[in-house]
Amino acid sequence: MTQGKEYCLHERLAADTISLGHSRLCDVRLMNDQTWPWVLLVPALAGIREIYELSPQQQHLLIQESSALSRGMMEAFDGDKMNVAALGNMVPQLHLHHIVRFEGDPAWPGPVWGRQPPVPYDEGQLEEVKRSLAPILSRLGDDSAA
């Protein structure tokens with residue numbers, strides 16, 4: 001962690017995502033694209049670009065949170081595959097994408113990036129997906145979640 005700096009969400013992530021709250025380690029964000037259930041975990045630490053920059057305890061917590069989120073999303077959305085990725089080529093701030101995939105979705109079996117423009121949630125859809133995610137997110141703060 002860079003000393004003397006406070007956590008600040010990268011402007012691209014802020015523009016493309018909707019806040020779902022916070023876990024023990026992360027800022028939890030919903031990608032504003034209704035095509036796929038897609039949630040990001042962004043460690044709420046200043047200056048972190050790579051997983052290896054986290055302390056061993058923070059690395060462990062990130063994996064716990066990622067696993068709990070992945071499991072919960074697959075159960076909630078009945079997906080065929082969970083994609084988890086930390087690319088960081090466009091946004092250097094460490095963030096983990098969690099995307100529920102379905103056989104036959106618009107990008108299947110390839111990656112979702114660049115396949116089509118995002119389809120933003122309308123208010124009703126956003127409330128519905130938040131309700132689906134709420135029990136999962138509440139478990140991210142629970143030590144027994146993973």
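What you are looking at is a predicted structure, and each value in this text was computed from that prediction instead of being measured.

Cut-offs and rules
- Residues numbered from 1 in each chain as written.
- Predicted model: local features only at pLDDT ≥ 70, side-chain atom pairs only at ≥ 80, totals over all residues.
- Heavy atoms only, no water.
- Helix = DSSP H or I, 4+ residues; strand = E, 2+ residues; numbered from the N terminus.
- Buried < 20%, exposed > 50% of the residue type's maximum accessible area, 1.4 Å probe, protein only.
- Polar contact = N/O pair within 3.5 Å; in protein donor to acceptor, adjacent residues only side chain to side chain.
- Contact = heavy atoms within 4.5 Å.
- Phe/Tyr/Trp six-rings, centres within 6.5 Å; stacked < 30°, edge-to-face > 60°.
- Expected span 1.5 Å × (residues − 1).
- Bend = angle between axes of the 7 residues up to and from the residue.
- Salt bridge = Lys/Arg side-chain N within 4 Å of Asp/Glu carboxyl O.

1. Some remarks on the side chain of Arg-29
Part 1 of the argument: Here Arg-29 lies in strand 2 (residues 26-31).
Part 2 of the argument: Taking the relative accessible area as the measure of exposure, Arg-29 reaches 10% and is therefore buried.
Part 3 of the argument: A polar contact is formed between the side chain of Arg-29 and the side chain of Thr-17, at a distance of 2.9 Å.
Part 4 of the argument: Setting aside anything within four residues of it in sequence, one finds Arg-29 in contact with Leu-9, Leu-13, Ala-14, Thr-17, Ile-18, Ser-19, Leu-20, Trp-38, Val-39, Leu-40 and Val-42.

2. Some remarks on the packing of aromatic side chains
Part 1 of the argument: Counting across every chain of the model gives two aromatic pairs.
Part 2 of the argument: Taking the centre distance of 5.9 Å and the plane angle of 85 degrees together, the rings of Trp-38 and Trp-113 count as edge-to-face. Of this pair, Trp-38 sits in strand 3 (residues 38-43) while Trp-113 is found in the loop between strand 5 (96-101) and helix 3 (123-139), placing the two residues 75 residues apart along the sequence.
Part 3 of the argument: Three or more aromatic residues joined by ring pairs make a cluster, and in this case those are Trp-36, Trp-38 and Trp-113.

3. Observations concerning helix 3
Because the α-helix completes a turn every 3.6 residues, residues three or four places apart line up on one side.
Part 1 of the argument: The end-to-end C-alpha distance of helix 3 is 25 Å, a good match for the 24 Å that 17 residues give at a rise of 1.5 Å each.
Part 2 of the argument: Along helix 3, the sharpest change in direction is near 40 degrees and occurs at Leu-133; proline Pro-135 comes one to four residues later.
Part 3 of the argument: All of the buried residues along helix 3 are Leu-126, Val-129, Leu-133, Ile-136 and Leu-137.
Part 4 of the argument: One side-chain oxygen of the residue at the start of helix 3 lies 3.1 Å from the amide nitrogen of Gly-124, identifying that residue as Asp-122.

4. Some remarks on unusual backbone geometry
The phi torsion of most residues other than glycine is negative, and most of the peptide bonds are trans.
Part 1 of the argument: For the bond running from Trp-108 to Pro-109, omega is 0 degrees, close enough to zero to count as cis.
Part 2 of the argument: Structurally, Pro-109 can be placed in the loop between strand 5 and helix 3.
Part 3 of the argument: The phi dihedral of Asp-78 is positive, around 50 degrees, even though this residue is not glycine.
Part 4 of the argument: Looking at the secondary structure, you find Asp-78 in the loop between helix 2 (56-77) and strand 4 (81-85).

5. Some points on the pattern of salt bridges
Part 1 of the argument: All chains considered together, the criterion is met by three salt bridges.
Part 2 of the argument: Across the pair Asp-27 and Arg-29 runs a salt bridge, and its minimum N-O distance is 3.9 Å. Side by side, Asp-27 and Arg-29 carry an identical accessibility label, which is buried.
Part 3 of the argument: Linking Arg-101 and Asp-105 is a salt bridge whose minimum nitrogen-to-oxygen distance equals 2.8 Å.
Part 4 of the argument: For Arg-101, a relative accessible area of 1% puts it in the buried group.
Part 5 of the argument: A relative accessible area of 9% places Asp-105 in the buried class.

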